[in-house]
Amino acid sequence: MEPIPLMKPYKMGKFDLSHRVVLAPLTRQRSYGNVPQPHAILYYSQRASKGGLLIAEATGVSDTSQGYTDTPGIWTQEQVEAWKPIVQAVHDKGALFFCQIWNVGRVSHAKFQPNGQAPISSTDKQIQPQLQHDGTVEEYSQPRRLSVEEIPLIVNDFRLAARNAIEAGFDGVEIHGAHGYLIEQFMKDSSNDRTDEYGGSLENRCRFALEVVKAITDEIRSDRVGMRLSPFTDYMDCFDSDPELLGMYMVQSLNKFNLLYCHMIEPRMAIVEGRKQIPHRLLPFKKAFNGTFIAAGGYDRDEGNKVIDDGYCDLIAYGRHFLANPDLPKRFEINAPLNKYNRLTFYISDPVVGYTDYPFLESSD
C-alpha cells in the first residue's frame, strides 16, 4: 500500500529521513539554571523515531541571550556536557537532532541579564507589555542599542554556540531568525530604526542575520545549518512593512551559502467561512530556495498530507501536536486519534507533568 505523503522518505542533504514529520523547536522552560536536565533525555527520546528529525528547543548562545526562566544554553562547557546524553538518547532511537540557537534580544528583562543590565537589541525601543497564555502580563525592560563595534562579538557568540552544538553531538544547528528575537529585531523595519550599516535598507537590515549565517557555515559547514524565518509574523512588536520582499531577499541570500534547509512560519491563521485556515503563502519562497523547505504553523494530518503531496513544502514541523503526542508520526501513519494538548502545562517547571506524561498509543504487539 502506498504510504501517506507525510510518511514518504526524504533525503535532506546528506541525511536520510524516513518520514516528513518534524518536531518543531518548543520552549519548555525545564532547564533549571539554564542547564539541560536529565528529564529532557526522556522527553526527546520519546519523540524520536528512526529516520525522524527533531529540532531542540531554542538554546541560548550567551549569558545575554536569556528572556525566559529556565531555558537551556550552550555557551558553557557544563551545558555542552549536559546536552550530550540527551543527544545520545535521540541518536540511539535512530533520529536526527538539530539544536536551535538564539539570542532573545529585547524580549527580555534586566532580571535575566548579567548584573541586571539592559537587554541588547537593534534598537532602544521597548516592547509593549504582552498578555500571556495564563492571563498574566509579561513586562520587558528597555533594551540597549548595540553599537556597530559590538555586533561582531554577538556574531561570534553564535559561531561558538554552533561549534559547541556539534561538540555536544548534534547533527546540525538551526539559526533562530524568527518570532521577534534578536536576529529578527535587526531584519524588520518596525524594530530596526538604525541609521548605520545595520539599518535603513533591506540589505542593511539583513546584514547581521547573514553575518551570523556566514560565521556558522564557515565554522561547521553549510550542510549542517538551517534557519528559521517568520517574515509574516508580528510577535513582540516585530513586523515588517513588506514581508514578501524580506522573505524573498533572505531565502535568496541563504542560497548563496548553500544552507541545508529553510524553516518558515506561515502567516497567522485566517478565518474563512467561519473556520480557521492556514493562509498558505510560502510557495514563492519554497520555489526560490535551493535546499529543503520546512513549513510550520497550524498543520494537522490532512493538511500536512495535502501540502507535501502538492510539493508546497518538503517537511512539516509540528509543535503542539508533537508535544502532546510523543508517537505523532505513528499516529499519523495509522490515522489514530490524537491526545489533546494542555496549554497550561506548556511552560511550567515540572519535570514530568505536561512534559513526559502524555500517553503513547497502546502497544499493538
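None of the values given here were measured: they were computed from a predicted structure. (Residues numbered from 1 in each chain as written. Predicted model: local features only at pLDDT ≥ 70, side-chain atom pairs only at ≥ 80, totals over all residues. Heavy atoms only, no water.)

The next subject is the nonpolar core. With 83 residues, the main nonpolar core has Tyr44 and Phe208 as its most contacted residues. Among residues more than four places away in sequence, those in contact with Tyr44 are Leu23, Leu54, Ala56, Glu57, Trp83, Ile86, Val90 and Phe97. Core analysis: the next-biggest nonpolar cluster, separate from the first, contains 17 residues, Ala24, Leu53, Leu260 and Leu315 among them. (Core = buried A, V, L, I, M, F, W, Y, C linked by side-chain atoms within 4.5 Å. Buried < 20%, exposed > 50% of the residue type's maximum accessible area, 1.4 Å probe, protein only. Contact = heavy atoms within 4.5 Å.)

Relative orientation of the contacting elements helix 6 (residues 207–220) and helix 7 (residues 243–256) amounts to 25 degrees, with a least axis distance of 11 Å. Overall, the two elements helix 6 and helix 7 adopt an arrangement that is roughly parallel. For the pair helix 6 and helix 7, the crossing hand works out as right-handed. In this structure, helix 6 contributes Ala209, Leu210 and Val213 to the contact, and helix 7 contributes Tyr249, Met250, Ser253 and Leu254. Of the residues in the contact of helix 6 with helix 7, the class split is 6 nonpolar, 1 polar and no charged. (Axes fitted to C-alpha atoms, helices over the stretch in contact; angles between N-to-C directions. Helix = DSSP H or I, 4+ residues; strand = E, 2+ residues; numbered from the N terminus. Parallel < 35°, antiparallel > 145°, perpendicular 65-115°, else oblique. Left-handed = near helix turned anticlockwise from the far one by under 90°. Nonpolar A, V, L, I, M, F, W, Y, C, P; charged D, E, K, R; others polar.)

Attention shifts here to the pairing of strand 12 (residues 225–229). Of all 5 residues that make up strand 12, 5 are buried, and the element is covered over most of its length. Residue alternation in strand 12 divides its side chains into two sets, Val225, Met227 and Leu229 and Gly226 and Arg228, and both sets are buried. With 5 bridges connecting them, strand 11 (residues 172–177) and strand 12 associate as parallel partners. Along strand 12, the bridge assignment pairs Val173 with Val225. The sheet contact formed by strand 12 and strand 13 (residues 261–265) spans 4 bridges and is parallel. Across the sheet, Gly226 pairs through a bridge with Tyr261, a residue of strand 13. Between the parallel elements strand 12 and strand 13, the chain passes through helix 7 in a crossover that is right-handed. (Pairing = 2+ DSSP bridges. Right-handed = clockwise from strand over helix to strand, strands pointing away.)

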